Every structure is written in C-alpha cells, then in structure tokens.
Amino acid sequence: MNINELFLGKKLSFSEDELRSVENNKLSYYLSTIYKDVPAFQSLSKQCFILNSLYQEELLILNQRCEQSNIELVVIKGGALLKQVYQLNERWMADIDLLISPNDLVGVKEIFTQLDYQEWSEEGKWKANEHKFHFKKFIGEIELTFEIHTKLTYRLDDFFKWHTVNADFLVLSDTDCLAYLIYHLGNQHTYISLHWFLDIYLYINKSNFTFDEDRFNELLSKLEIRTSTSIIYHILEKHFPYHKNLEIFKRYSTLKGRFLSIFLNNTFLWSSPMRDWRYLLIKFLTQDNIITSFKYTYLWFRK
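Description of the structure in this document. All values reported here derive from a predicted model rather than from experimental measurement.

Across its full length, the protein chain holds 15 helices and seven strands. Along the first, second and third principal axes, the C-alpha atoms of the protein chain reach 50 × 50 × 40 Å. Per-residue burial over the protein chain gives 56% buried out of 303 residues. Considering only intrachain contacts with a sequence separation of at least 6, the fraction spanning at least 24 residues in the protein chain is 68%. Surface exposure of the protein chain reaches about 14300 Å², of which carbon and sulfur atoms provide 51%.

In this section: the packing of aromatic side chains. The final tally for this structure, using the stated rule, is 23 aromatic pairs. Judged by centre distance (4.5 Å) and plane angle (10 degrees), the rings of Phe-112 and Phe-135 are stacked. Note that Phe-112 is positioned in helix H6 (residues 105–114) and Phe-135 in strand E4 (residues 132–139), a separation of 23 residues in sequence. Aromatic side chains Tyr-203 and Phe-209 sit 5.8 Å apart centroid to centroid with 80 degrees between the ring planes, which places their arrangement in the edge-to-face category. Judged on exposure class, the residue Tyr-203 and its partner Phe-209 are both buried. Ring pairing ties together the aromatic residues Phe-7, Tyr-30, Tyr-86, Tyr-201 and Phe-240, which thus form one cluster. In this structure, Lys-11 is placed above the aromatic ring of Phe-14, and the distance from its NZ or CZ to the ring centre is 5.5 Å. One Lys or Arg, Lys-136, reaches over the ring of Trp-120 and ends 5.0 Å from the middle of that ring.

Turning our attention to the nonpolar core. Ranked by internal contacts, the top residues of the largest apolar core, which has 96 residues, are Leu-98, Trp-162 and Phe-197. Broken down by element, this core gets its largest block of residues, nine residues, from helix H8 (residues 194–204). Setting aside residues no more than four positions away along its own chain, Leu-98 makes contact with Leu-59, Leu-62, Leu-73, Val-74, Val-75, Ile-76, Phe-112, Phe-146, Glu-147, Ile-148 and His-149.

Evaluation of the coordinates by the stated rule reveals 11 salt bridges. One salt bridge in this structure joins Asp-174 and Lys-206, with 2.9 Å as the shortest N-O distance. Linking Asp-174 in helix H7 (residues 174–188) with Lys-206 in the loop between H8 and helix H9 (213–223), this pair joins segments that are 32 residues apart in sequence. The residues Asp-174 and Lys-206 share a single accessibility class, namely buried. A salt bridge links Glu-218 to Arg-215, with the nearest nitrogen and oxygen atoms 3.2 Å apart.

What counts, and where the lines are drawn
- Residues numbered from 1 in each chain as written.
- Predicted model: local features only at pLDDT ≥ 70, side-chain atom pairs only at ≥ 80, totals over all residues.
- Heavy atoms only, no water.
- Helix = DSSP H or I, 4+ residues; strand = E, 2+ residues; numbered from the N terminus.
- Buried < 20%, exposed > 50% of the residue type's maximum accessible area, 1.4 Å probe, protein only.
- Contact = heavy atoms within 4.5 Å.
- Areas by Shrake-Rupley, 256 points an atom, 1.4 Å probe, with all protein chains shown as cover.
- Phe/Tyr/Trp six-rings, centres within 6.5 Å; stacked < 30°, edge-to-face > 60°.
- Lys NZ or Arg CZ within 6 Å of the ring centre and 35° of its normal.
- Core = buried A, V, L, I, M, F, W, Y, C linked by side-chain atoms within 4.5 Å.
- Salt bridge = Lys/Arg side-chain N within 4 Å of Asp/Glu carboxyl O.

Structure below.
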C-alpha cells in the first residue's frame, strides 16, 4: 500500500490482507476518520473510544492522588498525544506510560494498590527495562495497564531533568517529547510500526507546536539520536504527505541516516520483520555511538 495515498484518503478499496496490515500497524483507529465507509475501521474506532475514555478517567484519579501526595506525574508517549493530536477514538493504547522520580516509586505503588491495581512483574526483565514497572486492573471486561518509568532511558542519569508543561496533565515540552518519540521509535523499537511514525508526523504538524533548537541539539547528544532523527526525516519525507514542519528535520539529515533509510522501504515499513536481516542490521547501525550499539545489541540478544 502507498502510505502517502492512504493518509490522503485516496485509497478506493481494501483487500483482507491490506486491512490486516493496517490493523497490525495500529492505523485502523486513525483511518476511521478518513474512511468512514469501512466497517472494520469504524468498529475498532468505537472500541478505542471506550478504552481511552476509561484511561482518561483513571488518569484524572491518579493525577489527583499524586498531587495530594506531592508526587509529580508526567504522562508520556501515546497517552500524552491524546487530545493534543488524536481524538479518543483515533489512537489505540496498549498501556499508558507515566514518568516519575525514583524517589516517588514507593508512594506511587501505594496509590496504585489503593486503586485496586495489581503490580505485574516481568520475568527475566532485561537491563534496558529495569526502570519500568507495570500495574493492571480490569474495569468490567476491559483491562487497563499503566507502565511507570523512573527514567526514560537506561543511558541517562536517574535524575535527568526533562522539560515539562501543563496540558490536561503534566506532559513533556514539545521539543523534549519529539526527541523522546524519536528515541523510542528509532533506538528502542527499530522502526517496527507505522503508528509510531504517525505519532511523530502528527505531533510536529500540530498547530501550536513549538521547537527549541538549542534544547533539541542538547537531546540529540544525550539520547544519541542523530542517526534516528535523520532516518525518520527521510521516511516521513518520502512516504507521508508533505507538511512545512517537516523542514524542521531537514537540517538533521546525515549521509548515514539517508543511506540506512533506503533499507526501510515500503515493504519493510508495513511488515515490520523483527527477525529480518534488515531489522537486525538497522538495530545495530541506528545507534550513534558504536560502543553503545554493541552494548545495546548484546543486551537485546540476552533478554
């Protein structure tokens, strides 16, 4: 499928395989607002609205409890994009991610316990996930999951100060959020799902997006995302509808990023082959620092 034409609403029909690919990449929900005559999209969109409405209600309660305990709770990743760039029916949430200070972990665990959540421990948690904790509960037949982060990457100091702003909840500033979305998609997940590309595309194209070049340059180095930023720019430029805010990325284009983006062709982007040789090659080469690359790859294969 041509990604550009898909998001411009120019696709006239969908085969069963195409519908499956769209759903596997978690795009059905967003496309439900573009293709209102596709029943499969509309059905999933309704489920998405119900789920995200429950998440919003739980977030309000969690946020109030944390404020009462003087705990700073920052909504990150997909949960932060709800209402900023997505309506409640447009973005599926497998979980909601929250950032807290390591000093507040005990207090946050107590709050989740009081709200009838059960902590879920991942067996054999690997090095890069040691700062993450999961809490689950059912409301009726719907399972809600919150993932708590005491830091956003194992590379950074435990008390690295992210810039935040107040929306409906406390969220990362536009520049910090963009940098982290790039890190999450490129360095952590090796470009394996189109909905994360859509997150970045819609986020930088939101009407009130503000970009702090000095701060972004600082995060480029701290997160080591120069290559990932370049790869994502070239993919968005080639496969997504043009928007003037894409020019923000242009100055961060590198020869390495442009070369690696060639391997992420239309077939790769749709299929997300985690054991494909291109995936393993990109996973290794996408890191800016060769030492970090060896370390991360070694830890990943040991998980």
